[in-house]
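# Chain and residue survey
Now for the letters of each chain:
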Amino acid sequence: MNGIHDMGGMQDMGPIEYEKGEPVFHTPWESRVLAMVLATFSWHKWNLDAFRHTREVLPPEDYLRLSYYEQWFSGLRDLLVRRGLATAAEVENGVPAAGAAKTTPPLTADQVSPVPLSTRIHAQRDLQVSPRFHAGQSVRARNINPVGHTRLPRYARGKAGTIHRDHGVFVFPDTNAHFLGEKPQHVYSVRFAARELWGAQAPEKDCVYLDMWDDYLDPA
Amino acid sequence: MNGIHDMGGMQDMGPIEYEKGEPVFHTPWESRVLAMVLATFSWHKWNLDAFRHTREVLPPEDYLRLSYYEQWFSGLRDLLVRRGLATAAEVENGVPAAGAAKTTPPLTADQVSPVPLSTRIHAQRDLQVSPRFHAGQSVRARNINPVGHTRLPRYARGKAGTIHRDHGVFVFPDTNAHFLGEKPQHVYSVRFAARELWGAQAPEKDCVYLDMWDDYLDPA
Amino acid sequence: MTPDLAPAHEHEHEHQAVPSEPALRVKALESLLVEKGLVDRAALDALVDAYEHKIGPRNGARVVARAWVDPAYKARLLADANDAMADFGFISRQGDRILVVENTPTVHNLIVCTLCSCYPWAVLGLPPVWYKSAPYRSRAVIDPRGVLREFGLELGDDVQVRVWDSTAELRYLVLPERPAGTEALSEEDLAALVTRDAMVGVAKVVFPPPKGNDERHS
Amino acid sequence: MTPDLAPAHEHEHEHQAVPSEPALRVKALESLLVEKGLVDRAALDALVDAYEHKIGPRNGARVVARAWVDPAYKARLLADANDAMADFGFISRQGDRILVVENTPTVHNLIVCTLCSCYPWAVLGLPPVWYKSAPYRSRAVIDPRGVLREFGLELGDDVQVRVWDSTAELRYLVLPERPAGTEALSEEDLAALVTRDAMVGVAKVVFPPPKGNDERHS
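This write-up is about the structure you can find in this document.

Reading the values: rules and limits
- Residues numbered from 1 in each chain as written.
- Chains lettered and ligands numbered in written order.
- Predicted model: local features only at pLDDT ≥ 70, side-chain atom pairs only at ≥ 80, totals over all residues.
- Heavy atoms only, no water.
- Helix = DSSP H or I, 4+ residues; strand = E, 2+ residues; numbered from the N terminus.
- Buried < 20%, exposed > 50% of the residue type's maximum accessible area, 1.4 Å probe, protein only.
- Contact = heavy atoms within 4.5 Å.
- Areas by Shrake-Rupley, 256 points an atom, 1.4 Å probe, with all protein chains shown as cover.
- Buried area = accessible area lost by both parts, 1.4 Å probe.
- Salt bridge = Lys/Arg side-chain N within 4 Å of Asp/Glu carboxyl O.
- Polar contact = N/O pair within 3.5 Å; in protein donor to acceptor, adjacent residues only side chain to side chain.
- Nonpolar A, V, L, I, M, F, W, Y, C, P; charged D, E, K, R; others polar.
- Pairing = 2+ DSSP bridges.
- Core = buried A, V, L, I, M, F, W, Y, C linked by side-chain atoms within 4.5 Å.
- Axes fitted to C-alpha atoms, helices over the stretch in contact; angles between N-to-C directions.
- Least-squares fit on C-alpha atoms with pLDDT ≥ 70 in both.
- Phe/Tyr/Trp six-rings, centres within 6.5 Å; stacked < 30°, edge-to-face > 60°.

### Overview of the overall build of chain A
When its secondary structure is counted, chain A shows eight helices and five strands. Start at the N end of chain A and walk to the C end: the helices and strands fall as α-α-α-α-α-α-β-β-α-β-α-β-β. Dimensions of chain A, computed from the C-alpha atoms along their principal axes, are close to 60 × 45 × 35 Å. Relative to its full complement of 220 residues, chain A shows a buried share of 54%. Sequence separation of at least 24 residues holds for 65% of the intrachain contacts in chain A that already meet a minimum separation of 6. Counting only carbon and sulfur atoms, one obtains 53% of the accessible surface of chain A, whose full area is about 8,900 Å².

### Considerations on the interface of chain D and chain A
Of the residues lining the interface, 93 residues belong to chain D; the matching set on chain A comes to 96 residues. In this assembly, chain D packs against chain A so that about 8,000 Å² is buried in total across both faces, 62% of it on carbon and sulfur atoms. For the interface between chain D and chain A, the tally reads five salt bridges. Where R32 of chain A meets D45 of chain D, a salt bridge forms, and the shortest distance between an N and an O atom there is 2.9 Å. Inspection of the region where chain D meets chain A yields 33 residue pairs in polar contact (both at pLDDT 80 or more). Of the residues assigned to the side of chain D that touches chain A, the class counts are 48 nonpolar, 17 polar and 28 charged. Across four bridges, the pairing between strand β4 (residues 207-213) of chain A and strand β3 (residues 160-165) of chain D is parallel. Residue pairing for β3 of chain D: L210 of chain A is matched across the bridge by D165 of chain D.

### Examining the nonpolar core
The biggest cluster of nonpolar side chains holds 130 residues, and the ones touching the most others in it are M212 of chain A together with M85 and Y136 of chain D. In terms of residues, this core owes the most to one element, helix α1 (residues 28-41) of chain A, which gives nine residues. Every residue in contact with M212 of chain A, bar those within four places of it in the chain, is listed here: A141, L152, A156, H186, V187, Y188, V190, F192 and L217 of chain A. In this structure, Y209 of chain B together with Y51, Y73 and F88 of chain C belong to the second largest nonpolar core, which totals 129 residues.

### Remarks on the sheet that holds strand β2 (residues 107-112) of chain D
The pairing of strands in a sheet happens through backbone hydrogen bonds and is either parallel or antiparallel. Strand order in this open sheet of seven strands is β5(A)-β1(A)-β2(A)-β3(A)-β4(A)-β3(D)-β2(D), and the pairing throughout is mixed. Strands with a single pairing partner mark the edges of an open sheet, and in this sheet they are β5 (217-219) of chain A together with β2 of chain D. With strand direction ignored, the average angle separating the axes of adjacent strands in the sheet is 35°. With six bridges joining them, β2 of chain D and β3 of chain D adopt parallel strand pairing. Among the inter-strand pairings, N109 of chain D is bridged to a residue of β3 of chain D, identified as R162 of chain D.

### Quick word on the relation of the copies chain A and chain B
In the superposition of chain A on chain B (RMSD 0.0 Å, axial shift 0.0 Å), the rotation amounts to 180°. Taken together, these values place the two copies in the relation of a two-fold axis. Of every C-alpha in chain A, the one belonging to E61 of chain A sits nearest the axis of rotation, 2.9 Å from it. Both copies share a contact surface, since 100% of the interface residues of chain A are interface residues in chain B too.

### A few points about the packing of aromatic side chains
Within this structure, the stated rule accounts for 46 aromatic pairs over all chains. Note on F51 of chain A and W72 of chain A: the rings are 5.2 Å apart at their centroids and 85° apart in plane angle, and the pair reads as edge-to-face. Taken together, the residues span a long stretch of sequence, with F51 of chain A in helix α2 (residues 48-56) and W72 of chain A in helix α4 (residues 68-82) at a distance of 21 residues. Across the pair, exposure class does not vary: F51 of chain A and W72 of chain A are buried alike. Between the aromatic rings of W213 of chain B and Y216 of chain B, the centroid separation amounts to 5.6 Å while the plane-to-plane angle is 70°, which identifies the pairing as edge-to-face.

What follows is the structure in structure tokens.
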């Protein structure tokens, strides 16, 4: 989806606001949202791509206005209902439906401590998939404009770059976010000259690296 | 400026909200904003490009939230002060500064009636300027990313098209908006295949025409 | 707003006990500009009156109807719209440039301004809110057929869609197809069929006109 | 939030008479999830505790300091960051993939995620608000030098800027340059110099460290 989340290259977002000595969380509820989001992943009812897409479908005004954890909270509520872990009424009222069975949480405190290694993304796949490209090869990012989730930013579409390295095989977000299969394929680090992306104004030597799936690329 | 106003191609703005029997103005103040904007143009202290740019520099959240006439009102206040027709204090208080001289409005009611022919844009120039392109020629839109005003939308940058017709000589908005001169040059209607702009998903025969200045184009 | 300044809409708002914040601020600015001699209040009134009552889609509709009944006029209109429209007096031959694009059974034209809200004021009046809105501006160029579907217009694969993004100081008007069954209608009756939406390209002109069609406001 | 759930911040908010609307809604959802057996409250507490107190830029700083003092470690780190970081125990060899990019006198690396807020949690903890904000995400790729200037870092024309847009499940960490004058410092003392900002690429590591530098929060 060509949306406000795909903001690489925009110039009107104002100055960067830096907070000195910023705390990890600004309010306790932020920490609870983070923890709930991480803990509910362990039900495997959705994946990180689907969770990301919940932010992307927010109206642009909300996307710009809501804080990060407000967006996460909105996305969590959405997925809980959409993926059947809770009903809309339960999420609205904060109370289990009458007669709802109590289940057992898959994530326990001992799995988290001392550090939550178990909350990994798990997006890499140990599969033999032929890479379509190799390091050093010239490629061009496809000009695709899917209405669903994609990790190919608009600013790179149609641009020519060079394969920097092959990262191995990963699930494909464009299908995975919509529960349409993992479609595992190679992901490459692709180098784009800043001038290719932004024109002659850009400094000659500067460059931007993007990680790109096989399905985002054509030979150049 | 790559900003939220340059929204061609975004897919996350929601459904089109159509109002049946929509009035010309929704509140009387909207009509007064329109009239003040049109009337103050006759001071020739700014131009339409500069006025457009006042909307573009609004923070994206405001751009999406404010109504059209609220944006106009904001732009008018901005230009009145920046171009010296009023002081910030006057605009804030709605009262002329003590001792401020009273001038004579250049636009009178009889110039408006029956129809306001005098509120023209006046962007075309009767000048002999050599066109860089001719109808039928293949061109490519430049990949420029100025931080100021431009009328070359992001979705067309770097794309190949065909000159459909030459409209003649017009002032150049990228300089005119910033009072850096009119830089008169030819404007062309340029046809882009929808597939060139949006990829293979687009219908084969469909196309988009943009009006583009000489400085936006290279031979293809 | 004092009643004499905005007679047409005042009745809608007279029950509003507290004027809205923008109304107050706009009124304050108008006072300032009038007191400083920067604007003439009568000129403002004349401008409001012109856009509220004189300039609207009826202008465009008259042009379209004449083009339908007079092939020579249509040829002039497509070749030099300003010259042809000057016949009606609501546009100057030296005025802002207007271009007319013709719909046919195999070509459908759609007007948009992705960067702001450019619109052919002289022939259609001020644009409706949806035309100026982000949903229309953003999607008209990338998915014109989807946009037209939202307006209830489904186009076949055999029809070429041409979108005109008004990026410069040229203003576009769609010359819609004359609907079948209108052979006996007068130019005036034909003009009454032509809607703003058809001249932007988000609708076709239909005959007989649908009941309760209140799109037209002037 | 009951005090026992969020001890670290509770004191900041105990004078807030009415809990904020999001706080109430979040609390309601947590109650629901706990009551339905969807989450274990102790697991939530452990997660909060881990990110508040255990996982932060100190992890990354230890890695950087070791790379500075041990060339063999540095080579391992650049070749296989997960393997090299597993020495410290805060990352698994089979965990999410991390890549370390090295700053030199002629190369400056900058990390961003234009599409959301991907960040190397395991070695830097949770990202600061500015990293997740629209101004940083939007401009880091089109004007990295302007962004760095906002952070007080002016780079010469002889330096190549490499921006890493984290569009996939790879996480990047910048290995900053070791500042001059630190030859006598221990690995531990060196680690204390390394800031989060330097490991994102928006700052350099400076020695001696500036007074009142409170960037580091863990």
